[in-house]
Amino acid sequence: MFPKKYSNLIFILIMGFGMSLLMTLIITYINTGMDSGYLDRFLKAWAVGLPIAISTALIVGPIAKKFVDKITK
């Protein structure tokens, strides 16, 4: 178990992982189709997309949370 103080960071990491995985799988399929080289193309694209997704989530997440807190009661 992780301490509760790390819950936001863990949430961001899991969301970045899951979203980048699904988006890269789908976008690679749409752009190039399914053939024998699909897995290699997907893994190459995901290797680029995963760190970008996590970095973006770490930056945008807290900003989005503050914005949502302001516009909701």
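Scroll up for the structure.
Predicted model only: the values in this text are computed from it and were never measured.

### Digging into the pattern of salt bridges
Inspection of every chain in the model, using the stated rule, returns 2 salt bridges. K65 is the partner of D69 in a salt bridge, and the nearest nitrogen-oxygen pair spans 3.3 Å. You can see D69 and its partner K65 sitting in helix 2 (residues 38-71), 4 residues apart, about one turn around the helix. Exposure remark for D69: the relative accessible area of 46% places this residue in the partly exposed category. You can call K65 partly exposed: its relative accessible area is 46%.

### Some remarks on the layout of surface pockets
Of the voids in this model, the largest pocket is the one considered here, and its volume is about 560 Å³. Taken together, 23 residues line the largest pocket, and the ones lying closest to its centre are M15, G16, M19, A53 and A57. Contributing elements (two or more residues each) for the lining of the largest pocket: helix 1 (7-32) and helix 2. Of the residues forming the lining of the largest pocket, the biggest block, 14 residues, is contributed by helix 1. Tallied by class, residues from the lining of the largest pocket come to 12 nonpolar, 9 polar and 2 charged.

### Description of the packing of aromatic side chains
For any pair of aromatic rings, the description rests on two quantities: the centre-to-centre distance and the angle between the ring planes. Taken as a whole and judged by the stated rule, the model has 2 aromatic pairs. Between the aromatic rings of F42 and W46, the centroid separation amounts to 5.6 Å while the plane-to-plane angle is 15°, which identifies the pairing as stacked. Of this pair, F42 and W46 both sit in helix 2, 4 residues apart, which is roughly one turn of that helix. Of the two residues, F42 and W46, neither departs from the other in class, the shared state being buried. Taken together through their ring pairs, the aromatic side chains of F17, F42 and W46 make up a single cluster.

### Things to note about the packing of helix 1 against helix 2
As a packed pair, helix 1 and helix 2 sit with axes 8 Å apart at the nearest point and diverge in direction by 145°. Regarding helix 1 and helix 2, the two cross each other, and that crossing is right-handed. Residue-level inspection shows L9, I12, L13, G16, F17, S20, L21, T24, L25, T28, Y29 and T32 of helix 1 in contact with helix 2, the latter providing Y38, R41, F42, A45, W46, G49, L50, A53, I54, A57 and L58. Grouping the amino acids of the contact of helix 1 with helix 2 by side-chain chemistry returns 16 nonpolar, 6 polar and 1 charged.

Here is what the cut-offs are and how they apply
Residues numbered from 1 in each chain as written. Predicted model: local features only at pLDDT ≥ 70, side-chain atom pairs only at ≥ 80, totals over all residues. Heavy atoms only, no water. Salt bridge = Lys/Arg side-chain N within 4 Å of Asp/Glu carboxyl O. Helix = DSSP H or I, 4+ residues; strand = E, 2+ residues; numbered from the N terminus. Buried < 20%, exposed > 50% of the residue type's maximum accessible area, 1.4 Å probe, protein only. 1 Å grid on protein atoms, 1.4 Å probe; cavity = no way out; pocket = protein on both sides within 12 Å on 5 of 7 lines; lining within 4 Å. Points joined across faces, edges and corners; volume = space filled by probe spheres on them. Nonpolar A, V, L, I, M, F, W, Y, C, P; charged D, E, K, R; others polar. Phe/Tyr/Trp six-rings, centres within 6.5 Å; stacked < 30°, edge-to-face > 60°. Axes fitted to C-alpha atoms, helices over the stretch in contact; angles between N-to-C directions. Left-handed = near helix turned anticlockwise from the far one by under 90°. Contact = heavy atoms within 4.5 Å.

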